[in-house]
Amino acid sequence: MREVRLVYFAWVRERIGVGEEMVSLPDTVVTAGDLIAFLKTRGEDYEAALEHENVIRVAIDQEHVEHDEPLGSAREIALFPPMTGG
Amino acid sequence: MDSALITVRVQADDFDTAAEIEALSAGRTDIGAVVTFSGLCREEKGQLSALELEHYPGMAEAEIRRICEEAVARFELHGATAIHRYGRIDPGHRIVLVIAAATHRQAAFDGASFIMDYLKTAAPFWKKEHLKDGTARDWVSAKDADDTARARWT
């Protein structure tokens, strides 16, 4: 088990119900995709937020990554919808 | 040769476009072209009362800086400025400013376009619409057209 800081934005944040939290990850969670699958087991709110896994974007320590990216020694992992700035 | 000046700010406050152009180009004799893009909040046919812009503090600045650095290298810009606001923005008000400065106009146009196309799809900002009827409040959906616009640079 290791503990990481998770941060959420926009409708991912609203559906999960918090903007950030510390979460202990089992050793079976290796990639960003594993993290999403793991979080979906944490309850209905997470399931609703992460229902469409393929649209969820992930950033590790404030850099964009693909879902197959290993989490490594990440300190902060962000999950959010496609961006709509500009 | 002077080095390229990159300015990136993410802020709640409005900005002064003319002052930012001056800050980028003042005292420079190598710049022959300055292109600016301003993004404004639309009223959406009278339905929208305001946009609320959420951002990822830290990453928003870092990502826009990465995009500007790439544009400077790719188009040989002499400078680039990108300012993006967050918080509540009313129709008619400024959201984003991009300025690209180069020796000639094509590089400046391309540089500004490139920065905007990447900023829209990779800078962590999200727009929520507040409607005048006060009931519907929805997150703006990402547009395929923005991904297409970005893809033309690859």
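Data block above holds the structure.
Residues numbered from 1 in each chain as written. Chains lettered and ligands numbered in written order. Predicted model: local features only at pLDDT ≥ 70, side-chain atom pairs only at ≥ 80, totals over all residues.

Student: Explain the pairing of strand E7 (residues 125–131) of chain B to me, and be specific about the residues and the numbers.
Tutor: Side-chain positions along a regular strand alternate between the two faces of the sheet. Residues and elements named next belong to chain B. Bridging between strand E3 (residues 48–55) and E7 involves seven bridges; their strand directions are antiparallel. Across the sheet, His55 pairs through a bridge with Phe125, a residue of E7. Pairing between E7 and strand E8 (residues 137–139): three bridges, direction antiparallel. The residue bridging Lys128 from the neighbouring strand is Trp139, located in E8. (Pairing = 2+ DSSP bridges. Helix = DSSP H or I, 4+ residues; strand = E, 2+ residues; numbered from the N terminus.)

Student: Give me the lowdown on the interface of chain B and chain A, citing residues and values where you can.
Tutor: Opposite the 21 residues of chain B that make contact, chain A presents 14 residues. Contributions of two or more residues to the side of chain B that touches chain A are made by helix H2 (59–75), helix H3 (105–122) and E7 of chain B. Split by residue class, the side of chain B that touches chain A holds 14 nonpolar, four polar and three charged. (Contact = placed C-beta atoms within 7 Å. Nonpolar A, V, L, I, M, F, W, Y, C, P; charged D, E, K, R; others polar.)

Student: Go over the packing of H3(B) against helix H4 (residues 144–151) of chain B, please, and point to the residues and values.
Tutor: Helix packing geometry: the angle between the two helix axes and the distance between the axes. Residue and element names in this part refer to chain B. It is the contact of H3 with H4, at a shortest axis distance of 9 Å, that shows an interaxial angle of 135 degrees. The orientation of H3 with respect to H4, classified from their angle, is oblique. Crossing geometry of H3 relative to H4 is assigned as left-handed. Residue-level contacts link Asp117, Tyr118, Lys120 and Thr121 of H3 to Asp146, Asp147, Ala149 and Arg150 of H4. Of the residues contributing to the contact of H3 with H4, the split by class is two nonpolar, one polar and five charged. (Axes fitted to C-alpha atoms, helices over the stretch in contact; angles between N-to-C directions. Parallel < 35°, antiparallel > 145°, perpendicular 65-115°, else oblique. Left-handed = near helix turned anticlockwise from the far one by under 90°.)

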